[in-house]
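# Coordinates in review
Here are the chains, one letter per residue:
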Amino acid sequence: MSTAAGDDNADTAGEAAMPLVHAVNVHKSFGSVEVLKGIDVDVHAGEVVCLLGPSGSGKTTFLRCINQLEDIQAGRIWVDGDLAGYREKGGRLHRLTDTEIAAQRRGIGMVFQRFNLFPHMTVLQNVVEGPTLVQGRAKKEVTAEAEELLRRVGLADMSGRYPSQLSGGQQQRVAIARALAMQPKLMLFDEPTSALDPELVGEVLGVMRDLADQGMTMIVVTHEMAFARDVADRVIFMDGGVVVEEGPPSSVINEPQHERTQAFLSRLR
Ligand code: ADP
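What counts, and where the lines are drawn
- Residues numbered from 1 in each chain as written.
- Predicted model: local features only at pLDDT ≥ 70, side-chain atom pairs only at ≥ 80, totals over all residues.
- Heavy atoms only, no water.
- UniProt positions renumbered as here; feature names shortened; annotations may be inferred.
- Helix = DSSP H or I, 4+ residues; strand = E, 2+ residues; numbered from the N terminus.
- Expected span 1.5 Å × (residues − 1).
- Buried < 20%, exposed > 50% of the residue type's maximum accessible area, 1.4 Å probe, protein only.
- Core = buried A, V, L, I, M, F, W, Y, C linked by side-chain atoms within 4.5 Å.
- Contact = heavy atoms within 4.5 Å.
- Near = heavy atom within 4 Å.
- Polar contact = N/O pair within 3.5 Å; in protein donor to acceptor, adjacent residues only side chain to side chain.
- Areas by Shrake-Rupley, 256 points an atom, 1.4 Å probe, with all protein chains shown as cover.
- Phe/Tyr/Trp six-rings, centres within 6.5 Å; stacked < 30°, edge-to-face > 60°.
- Lys NZ or Arg CZ within 6 Å of the ring centre and 35° of its normal.
- Lys, Arg positive; Asp, Glu negative; His and termini not counted.
- Salt bridge = Lys/Arg side-chain N within 4 Å of Asp/Glu carboxyl O.

Looking at an unreviewed UniProt entry, one finds the protein chain named ABC-type polar-amino-acid transporter and attributed to Janibacter alkaliphilus. The Sequence similarities (unreviewed entry) comment attached to the protein chain in UniProt states, word for word, "Belongs to the ABC transporter superfamily." You can read under Catalytic activity (unreviewed entry) in the UniProt record for the protein chain the words "a polar amino acid(out) + ATP + H2O = a polar amino acid(in) + ADP + phosphate + H(+)".

Here's what the structure looks like:
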């Protein structure tokens, strides 16, 4: 499944201006309730974008649509130049097979509020599982990479433990290492620290900050304003299923233009 490095370079050179994520007029309903009402978002390679907004505004749903965990009723989403879920042929769209969709999703790492580690596997096995089982890569090579990833998230000495023997912050860092083991082009974070005790939030945000510094493209749903202010290249404020305002954190967080953004931020203070 892996692409030759030479091909990747050719793609990058040929499509320098193409955003890594290009979402156009995305509409999503649950039954008769429309929760995304025409979302347009571009995220460029290497960019860190934080999605902010009140509970229920559609942030999680939008992340899940990017990762094809939800179908959309209208609009299009391209990730790394590939139209999510479809192939264009003869001017018509053809739905991809489940296998093809799974292959598209492999380029995206997702970290959830709840860590969802496999409880019966050690930390190392949790990280090794995806690349060996799903990508069919050699165990020896993957194990060496997994150990390096665990070192990067500060858990080199925890590889033989089980998730139940770790704190929430440590489990979330394993979840990040597990997602990175699939060598994603894009990382989606859905409120990764909101289930953690306050004293454990910093260690997870620290790992995310390192990842951002290393150039990973990230979309992060968060209520951590200090993280958004310091780490995001851009913040997007959503409310009621639409993008209300977006821009550099210094503008949107410090000098919000829209009344709804101002009201949301003032409630956090
Ligand atoms: P946010 O992440 O901004 O808190 P969500 O994307 O979780 O918002 O939710 C947006 C709206 O969609 C909410 O009203 C929520 O109740 C609704 N919703 C989310 N998932 C589902 C679902 N699976 N079925 C029905 N309604 C849903």
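Still more to cover.
## Remarks on helix α6 (residues 168-180)
Relative to the 18 Å expected for 13 residues at 1.5 Å per residue, α6 spans 18 Å between its end C-alpha atoms, a close match to the ideal helical length. Most of α6 is tucked away: 13 of the 13 residues are buried.

## Some words on the nonpolar core
Judged by nonpolar contacts, the single largest core of 51 residues is most densely connected at L52, I176, M187, F189, M208 and M218. Tallying contributions element by element places helix α7 (residues 198-213) first for this core, with eight residues. For F189, the residues in contact, after removing those within four places along its chain, are L63, V111, I176, M208, L211, M218, I219, V220 and V221. L51, F62, I108 and L186 belong to the second largest nonpolar core, which has 26 residues in total.

## A few points about the side chain of R173
Relative to the elements of secondary structure, R173 occurs in helix α6. Discounting chain neighbours no more than four positions away, the residues touching R173 are V153, G154, L155, E203, V204 and V207.

## Topic: the site of the ligand
In the vicinity of the ligand, the contacting residues are F30, V35, P54, S55, G56, S57, G58, K59, T60 and T61. At a separation of 2.7 Å, an oxygen atom of the ligand approaches a polar backbone atom of G56. K59 is positioned such that a nitrogen or oxygen atom in its side chain is 2.8 Å from an oxygen atom of the ligand. Against a free-state accessible area of 560 Å², the protein chains account for coverage of 57% of the ligand. Take the shell around the ligand: its biggest share by element is three residues, from helix α2 (residues 59-66).

## Some thoughts on the packing of aromatic side chains
Counting across every chain of the model gives one aromatic pair. Pairing F237 with F264 gives two aromatic rings, centres 5.3 Å apart and planes at 40°, and the pair type is tilted. With F237 in strand β11 (residues 234-239) and F264 in helix α10 (residues 259-268), this residue pair connects regions lying 27 residues apart in the sequence. The ring of Y86 carries R95 above its face, with NZ or CZ at 5.0 Å from the centroid. When the ring centre of F118 is taken as reference, the NZ or CZ atom of R178 above it lies at 5.2 Å.

## Here we look at the side chain of D190
Position of D190 relative to the elements: it lies in strand β9 (residues 186-190). R64 provides the closest opposite charge to the buried, unpaired D190, separated from it by 6.4 Å. At a separation of 2.9 Å, a polar atom in the side chain of D190 contacts the side chain of T60. Setting aside anything within four residues of it in sequence, one finds D190 in contact with T60, L63, M110, V111, F112, Q113 and V221.

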